[in-house]
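Chain by chain, the residues:
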Amino acid sequence: MSQGVTAVLTGIGTALPPVTDQRALWDGYFRDHFAGGRAAERIFTGAGVVRRHAVVSPLDQDLSGWSTQERMELYDRYAPPLGHRAVTGALAAAGLDPADVGQLVVASCTGYAAPGLDVRLAASLDLAADTQRLLVGHMGCYAALPALAGAGDFVTARGRPSVLLCLELTSLHLQPPTPDVQQVVSHALFSDAAVAVVLRPGGGPGLELVDTTAVTDPTTADHMTWAVTDRGFRMTLSPRVPDVLAKHVHATVENLLVRHGLTTRDVRGWAVHPGGPRILDTVRDVLDLPAEVLRHSRHVLREHGNCSSATVLLVLDDLLTTGGLRAGDPVLAMAFGPGLTLYTALLRVT
């Protein structure tokens, strides 16, 4: 980041679709969908999820046989109002008006159209015609952090606020019945959410974006995929993902912290994307962290599920609300996704 202007995260807004109980989803739909398999039930009950959100719950409507076109029509119906609510909430929290926004960044991997969601939102929010826009697509669960870095670069270069929206409607990609265990895992975890954050130049209370870093291991690219099929988008999620992350987490985090004169013991807040219980256990063990520092990630997984790119922002929100942070405290955000890719961001409480 520039040594002059800094980018500070000053407002968060969330918009969540209706909530559904995890057990009710199993009893009312997925038990039959996965032919009542005991392994599938163990995966559902062991996913660390108690409640999650869906614009279309399978308890109300079964989309598993729908075409991708039909699903994209639903995305076009549900995404704009949800995104509008999240962005207006973030602007209100930051004390800004739409006229103050210099850039709108939208990250989403669960739906596409042109003109895109960014254009629809710019109109509904009444943003100025010269507001710059950036659409970050199909990066998956880690997209919030490179998008945050891009927004931060705009703020430091232009001296104007940027708004980042992460919006994912994974419920639209319910897959046809299959005995594939990887599909059981993804259907046990994923959820819908829209979260927006405002970054503005200079001081004020919030989180200063200090630095970001990334590592991608292309030799494991087949471990996590998000493929466009005739029946929506289909996830591949290998059980080897935690083992791959274990190889890279320590060095990636250490390299980021060392160049700012910090160690893991100096970090006062951890916002780790809860890709699943094993992911969080791996991060805890590899970095030798006290179990309690990941309580915000586990809380978000339990109450909201894995909302893809929006999830790490939900963790940041929970951390800021209940984490007892003080001015000057370092905060480390971490997310994972296809590639396999690990992204980290260092922030500091202002």
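Please refer to the structure placed before this passage.
All figures in this text were calculated on a predicted structure; none of them were measured in a lab.

### Details of the sheet that holds strand E1 (residues 7-15)
- The mixed open sheet is built from nine strands, whose spatial order is E5-E4-E6-E7-E1-E8-E13-E12-E11. Looking at strand neighbours, the two that pair on one side only are strand E5 (132-137) and strand E11 (269-272), the edges of this open sheet. Strand after strand, the sheet turns through a mean of 25° between neighbouring axes, direction not considered.
- In this structure, E1 lies alongside strand E7 (residues 192-201), joined through eight bridges in antiparallel fashion. By the bridge assignment for E7, Thr14 is matched with Val195.
- Against the sheet, helix H8 (residues 277-287) engages E11 and strand E12 (330-337), with an angle of about 130° to E12.

### Concerning the pairing of E1
- For E1, a buried count of eight out of nine residues is recorded, marking the element as mostly surrounded by other parts of the structure.
- Sheet analysis places E1 next to strand E8 (residues 207-216), joined by two bridges and oriented antiparallel. Directly across from Val8, in E8, lies its bridge partner Glu208.

### Overview of the packing of aromatic side chains
- Tallying each qualifying case throughout the model produces seven aromatic pairs.
- Ring geometry for Phe30 against Phe44: centres 5.0 Å apart, planes inclined by 40°, an arrangement best described as tilted. Of this pair, Phe30 sits in helix H1 (residues 22-33) while Phe44 sits in helix H2 (residues 38-45), and the two are 14 residues apart along the sequence. Like Phe44, Phe30 is buried.
- Through a chain of ring-to-ring contacts, three or more aromatic side chains come together here, namely Trp26, Tyr29, Phe30, Phe34 and Phe44.

### As for the packing of H2 against helix H6 (residues 181-189)
- Packing of H2 against H6 leaves a shortest axis separation of 9 Å and a crossing angle of 30°. In terms of orientation, H2 lies roughly parallel with respect to H6. Two packed elements cross with a definite hand, and for H2 against H6 that hand is right-handed. Contacts from Ala40, Ile43 and Phe44 of H2 reach H6 at Val181, Val184, Val185, His187 and Ala188.
- Of the residues belonging to the contact of H2 with H6, the class tally is seven nonpolar, one polar and no charged.

### Considering unusual backbone geometry
- Geometrically, the link from Ala114 to Pro115 is a cis peptide bond, its omega value of 0° lying close to zero.
- Mapped onto the fold, Pro115 is located in the loop between strand E4 (103-108) and helix H4 (117-124).
- Cis geometry is found at the peptide bond from Gly339 to Leu340, where omega equals -20°.
- Mapped onto the elements, Leu340 comes out in the loop between E12 and strand E13 (341-349).
- The residue Asp288 is not glycine, and still its phi comes out positive at about 55°.
- Along the chain, Asp288 falls in the loop between H8 and helix H9 (295-304).

### Comments concerning the packing of helix H7 (residues 241-258) against H8
- Where H7 meets H8, the closest approach of the two axes is 9 Å, and the angle between their N-to-C directions is 40°. By the angle between their axes, H7 is oblique relative to H8. The element H7 and its partner H8 pack so that their crossing is right-handed. Residues Val241, Pro242, Asp243, Leu245, Ala246, Val249, His250 and Val253 of H7 form the contact with H8, whose participating residues are Arg278, Ile279, Thr282, Val286 and Leu287.
- Residues of the contact of H7 with H8, tallied by class, amount to nine nonpolar, two polar and two charged.

### Brief notes about the pattern of salt bridges
- One pass over the full model with this rule turns up 14 salt bridges.
- With a shortest N-O distance of 3.3 Å, Asp180 and Arg234 are connected by a salt bridge. Of this pair, Asp180 sits in the loop between strand E6 (162-169) and H6 while Arg234 sits in strand E10 (residues 232-237), placing them 54 residues apart in sequence.
- You can call Asp180 partly exposed: its relative accessible area is 26%.
- Notably, a salt bridge pairs Asp281 with Arg298, separated by 2.7 Å at the nearest N-O pair. Taken together, the positions of Asp281 in helix H8 and Arg298 in helix H9 put the pair 17 residues apart, joining distant regions of the chain.
- Within this structure, Arg23, Asp27, Arg31 and Glu41 form a network of salt bridges that share partners.

Criteria and cut-off values
- Residues numbered from 1 in each chain as written.
- Predicted model: local features only at pLDDT ≥ 70, side-chain atom pairs only at ≥ 80, totals over all residues.
- Heavy atoms only, no water.
- Pairing = 2+ DSSP bridges.
- Helix = DSSP H or I, 4+ residues; strand = E, 2+ residues; numbered from the N terminus.
- Axes fitted to C-alpha atoms, helices over the stretch in contact; angles between N-to-C directions.
- Contact = heavy atoms within 4.5 Å.
- Buried < 20%, exposed > 50% of the residue type's maximum accessible area, 1.4 Å probe, protein only.
- Phe/Tyr/Trp six-rings, centres within 6.5 Å; stacked < 30°, edge-to-face > 60°.
- Parallel < 35°, antiparallel > 145°, perpendicular 65-115°, else oblique.
- Left-handed = near helix turned anticlockwise from the far one by under 90°.
- Nonpolar A, V, L, I, M, F, W, Y, C, P; charged D, E, K, R; others polar.
- Salt bridge = Lys/Arg side-chain N within 4 Å of Asp/Glu carboxyl O.

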